[in-house]
There are 2 protein chains.
Amino acid sequence: MDTTPTTCRKPRTDAARNRARILDTALRHFTERGAGTSLEAVAKEAGVGPATLYRHFPTREALLAAALETPAGELLAEREELRAVGDPDEGLRRWLLALERYLSTFTGLPAPVLAALNCDDSPLAMSCQELIGITDEFLATAQQGGTARPAVHGRDLFLAALLLAWTGGAPVDDDALPTLRRLMETGYSTR
Amino acid sequence: MDTTPTTCRKPRTDAARNRARILDTALRHFTERGAGTSLEAVAKEAGVGPATLYRHFPTREALLAAALETPAGELLAEREELRAVGDPDEGLRRWLLALERYLSTFTGLPAPVLAALNCDDSPLAMSCQELIGITDEFLATAQQGGTARPAVHGRDLFLAALLLAWTGGAPVDDDALPTLRRLMETGYSTR
DNA sequence: ACCTGAACACCGTTCAAGT
DNA sequence: ACCTGAACACCGTTCAAGT
């Protein structure tokens, strides 16, 4: 896990500072202008050359994954809370809501997440697999409790959350979305 | 409907030829490289300057809408066929499949369609409203037949088809998609 | 009325040169 | 080892000049 280079000398401090600055600026730009925002503008505002940004984050997805670390931590914290929920159906439902909210952290995030879903080398893919695994856990509990259909997989529900996040990014501003959400919920529920 | 300019003289023939060439090239590029393909490349291969392309199709969406005319015609033809289907549930289901296929005409088409869904001035929006209306008709028949829940709207099912087309564009290559489809179908069905 | 090609502004990415 | 700024290739969009 420790990717520290061979020798550690003075220059590492400004490298770390640059990395932090890039990450800070990127988080703000992603939040304000979406996941597709100009990386050149991020570098400029962070006060570094474009090549420096590329050195630290070789792809846009790497930068996205790094910027998502804090929200991901919050999501995992919420997962811990939800493990204590007694009703398995409520636990699953609230987990799916939290998942949808996480996938809505940046406008335009669902598209690269979908692309990463079948591309194992993407930095976003790892996080996807982890989240699908957690969804499987909540789902299994609900299935044991008899409130979720046996044939459904965690991956399906992850995809459903991703779809809702996608439409939320360009909001369908009438009753379509709630109904669609109900369409999906009644799809996995046995109630 | 006839948008012919005030006076018609000789130059109109080469304008029409240019328009046809642009449209022909665009259809091929959209099909091969997706809805986000370079318009500059389209203009170049069509043998016109970029400004000529913009004169005929002021926005990318205008060009998309024009390129979709033939597939849209086929979809409307299929609608006519499906009106003759006796079982209302089968009619609705086959219409939704046809809709999903139409929305998958070009890779990356679902994104601009979603954007157009709430933006009345887009050339794609008009076609959306029409398709939602048709979906409402099939849905109403199924609801009268008792095979679809009363609270569902045509817009919901249009959105569901759009979502399936979106994920199909970057295929989720295992069982997730069929199950998600079933999630949605069981969402509207009363069976 | 229509077309053309140049021009402008922007972006992603890479590379030689510095420290 | 790391950073820098220039450079390259590309794209969308607009505009003055032609016919």
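Attention now goes to helix α2 (residues 39–46) of chain B. Residue and element names in this part refer to chain B. Where α2 is concerned, the buried positions are Leu 39, Val 42, Ala 43 and Ala 46. On an axial view of α2, the arc spanned by its buried residues comes to 95 degrees, and they lie on one face. Residues of α2 that are exposed and point more than 90 degrees away from the buried face comprise Glu 40 and Lys 44. In this fold, the buried residues of α2 make contact with α1 (12–33), α3 (50–56) and α4 (60–67). Looking at where α2 begins, the residue whose side-chain oxygen comes 3.3 Å from the main-chain nitrogen of Glu 40 is Ser 38. At the C-terminal side of α2, Gly 47 shows a positive phi close to 80 degrees.

Once that is clear, we can look at the packing of helix α6 (residues 88–103) of chain B against helix α8 (residues 123–145) of chain B. Residue and element names in this part refer to chain B. Contact geometry for α6 and α8: axes closest at 8 Å, N-to-C directions at 160 degrees. Considered as vectors, α6 and α8 are oriented roughly antiparallel to each other. The two elements α6 and α8 meet at a crossing, and its hand is left-handed. Counting all contacts with α6, which are made through Pro 88, Gly 91, Leu 92, Trp 95, Leu 96, Leu 99 and Tyr 102, the residues of α8 involved are Ser 127, Leu 131, Ile 134, Thr 135, Phe 138, Leu 139, Thr 141 and Ala 142. In terms of residue class, the contact of α6 with α8 is made up of 11 nonpolar, four polar and no charged.

So, on to the protein's contact with DNA strand C. Taken together, 20 residues surround DNA strand C, and among them Glu 40, Ala 51 and Tyr 54 of chain A together with Asn 18 and Ala 51 of chain B come closest. Near the protein, within 4 Å, the atoms of DNA strand C are sugar or phosphate in 67% of cases. Between a phosphate oxygen of DNA strand C and a side-chain N or O atom of Tyr 54 of chain A, the distance comes to 2.3 Å. Those elements that provide at least two residues to the surface near DNA strand C are α2 (39–46) and α3 (50–56) of chain A together with α1 and α3 of chain B. The greatest single-element share of the surface near DNA strand C, amounting to five residues, is contributed by α3 of chain B.

Frequently, the measure chosen for interface size is the accessible area that the parts lose on association. Residue and element names in this part refer to chain A. Taken domain by domain, chain A consists of domain 1 (13–59) and domain 2 (69–188). On a C-alpha basis, the centres of domain 1 and domain 2 stand 28 Å from each other. At the interface, five residues of domain 1 touch four residues of domain 2. The interface formed by domain 1 and domain 2 includes zero salt bridges. Inspection of the domain 1/domain 2 interface yields one residue pair in polar contact (both at pLDDT 80 or more). Residue composition of the side of domain 1 that touches domain 2, by class: three nonpolar, two polar and no charged.

The next thing to look at is the packing of helix α9 (residues 154–169) of chain A against helix α10 (residues 176–188) of chain B. Contact geometry for α9 of chain A and α10 of chain B: axes closest at 9 Å, N-to-C directions at 65 degrees. Between α9 of chain A and α10 of chain B, the angle falls in the class roughly perpendicular. Both α9 of chain A and α10 of chain B take part in a crossing whose hand is right-handed. Residues Arg 155, Asp 156, Leu 157, Leu 159, Ala 160 and Leu 163 of chain A of α9 of chain A form the contact with α10 of chain B, whose participating residues are Ala 176, Leu 177, Thr 179, Leu 180, Leu 183 and Met 184 of chain B. In terms of residue class, the contact of α9 of chain A with α10 of chain B is made up of nine nonpolar, one polar and two charged.

When chain A is brought onto chain B, the operation consists of a screw motion whose angular component is 180 degrees and whose axial shift is 0.0 Å, with 0.0 Å RMSD remaining. Viewed as a symmetry operation, the transformation between the two copies matches a two-fold axis. Of the C-alpha atoms belonging to chain A, the one lying closest to the rotation axis is found on Gly 187 of chain A, 2.5 Å away. A high fraction, 100%, of the interface residues of chain A reappear at the interface in chain B, so the copies pair face to face through one surface.

Right, let's get into the protein's contact with DNA strand D. The environment of DNA strand D is formed by 20 residues, the closest being Asn 18 and Ala 51 of chain A together with Glu 40, Ala 51 and Tyr 54 of chain B. Put simply, 69% of the atoms of DNA strand D that lie within 4 Å of the protein are in sugar or phosphate. Measuring from a phosphate oxygen of DNA strand D, one finds a side-chain N or O atom of His 56 of chain A at 3.4 Å. Within the side chain of Ser 38 of chain B, an N or O atom sits 3.4 Å from a phosphate oxygen of DNA strand D.

Rules behind the numbers
Residues numbered from 1 in each chain as written. Chains lettered and ligands numbered in written order. Predicted model: local features only at pLDDT ≥ 70, side-chain atom pairs only at ≥ 80, totals over all residues. Heavy atoms only, no water. Buried < 20%, exposed > 50% of the residue type's maximum accessible area, 1.4 Å probe, protein only. Helix = DSSP H or I, 4+ residues; strand = E, 2+ residues; numbered from the N terminus. Arc of directions from axis to C-beta. Contact = heavy atoms within 4.5 Å. Polar contact = N/O pair within 3.5 Å; in protein donor to acceptor, adjacent residues only side chain to side chain. Axes fitted to C-alpha atoms, helices over the stretch in contact; angles between N-to-C directions. Parallel < 35°, antiparallel > 145°, perpendicular 65-115°, else oblique. Left-handed = near helix turned anticlockwise from the far one by under 90°. Nonpolar A, V, L, I, M, F, W, Y, C, P; charged D, E, K, R; others polar. Near = heavy atom within 4 Å. Domains from an automatic or database assignment. Salt bridge = Lys/Arg side-chain N within 4 Å of Asp/Glu carboxyl O. Least-squares fit on C-alpha atoms with pLDDT ≥ 70 in both.

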